[in-house]
Amino acid sequence: MANSPQSKKRARQAERRTIVNKARRSRIRTFLRKVEEAIAGGDYAVAETALRDAQPELMRGVTKGVLHKNTVSRKISRLSARVKALKA
């Protein structure tokens, strides 16, 4: 356990950041689930709208340090390919 005042403070900060990051990650997963459900439903217009809504949220996760840039790029690429396949 933390002993010095600085390490105690860092532990408190880490707790607060963990809560914020958990909320942000949950929000991102919700957006991803909406895209997945739209793809499963087979409706191109709904899936495309859901993907457009999800992209900024995913990129925000990158800037906030919740997700890695390459991870988000991979997810967006795969989802957009699946949405595009619905159109054909």
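Check the entry above for the structure.
Right, let's walk through the structure included here.

Rules of the game
Residues numbered from 1 in each chain as written. Predicted model: local features only at pLDDT ≥ 70, side-chain atom pairs only at ≥ 80, totals over all residues. Heavy atoms only, no water. Helix = DSSP H or I, 4+ residues; strand = E, 2+ residues; numbered from the N terminus. Rg over C-alpha atoms; globule rule 2.2 N^0.38 Å. Buried < 20%, exposed > 50% of the residue type's maximum accessible area, 1.4 Å probe, protein only. Contact = heavy atoms within 4.5 Å. Areas by Shrake-Rupley, 256 points an atom, 1.4 Å probe, with all protein chains shown as cover. Lys, Arg positive; Asp, Glu negative; His and termini not counted. Charge placed at Lys NZ, Arg CZ, Asp CG, Glu CD. Patch = residues over 30% accessible without salt bridge, like charges linked within 9 Å, V, L, I, M, F, W, Y side chains within 5 Å. Salt bridge = Lys/Arg side-chain N within 4 Å of Asp/Glu carboxyl O.

As for the overall build of the chain
For the chain, the count of helices and strands is three helices and zero strands. For the chain, the N- to C-terminal ordering of α and β elements is α-α-α. Since a compact globule built from 88 residues should have a radius of gyration of about 12 Å, the 17 Å found for the chain marks it as more spread out than a globular shape. Among the 88 residues that make up the chain, the fraction classed as buried is 24%. For the chain, contacts bridging at least 24 residues in sequence account for 63% of all contacts bridging at least 6. Accessible surface computed for the chain: about 6400 Å², of which carbon and sulfur atoms make up 52%. Counting 23 positive and 7 negative side-chain charges, the chain places the centres of these two groups 12 Å from one another.

Observations regarding the environment of glutamine 55
Looking at where glutamine 55 falls in the secondary structure, it is placed in helix α2 (residues 44-63). Take glutamine 55: its relative accessible area is 29%, and that puts it in the partly exposed class. For the pair glutamine 55 and serine 7, spaced 48 residues apart in sequence, the C-alpha to C-alpha distance is 37 Å.

Quick word on a positive patch on the surface
A surface patch of positive charge is lined by Lys22, Arg25, Arg29, Arg74, Lys75 and Arg78. At the level of elements, α1 (5-41) and α3 (69-87) are the ones that each hand at least two residues to the positive patch. Summarising the element assignment, arginine 29 is placed in helix α1. Exposure remark for arginine 29: the relative accessible area of 55% places this residue in the exposed category.

In short, the description is geometric, and any link to function would need to be established separately.
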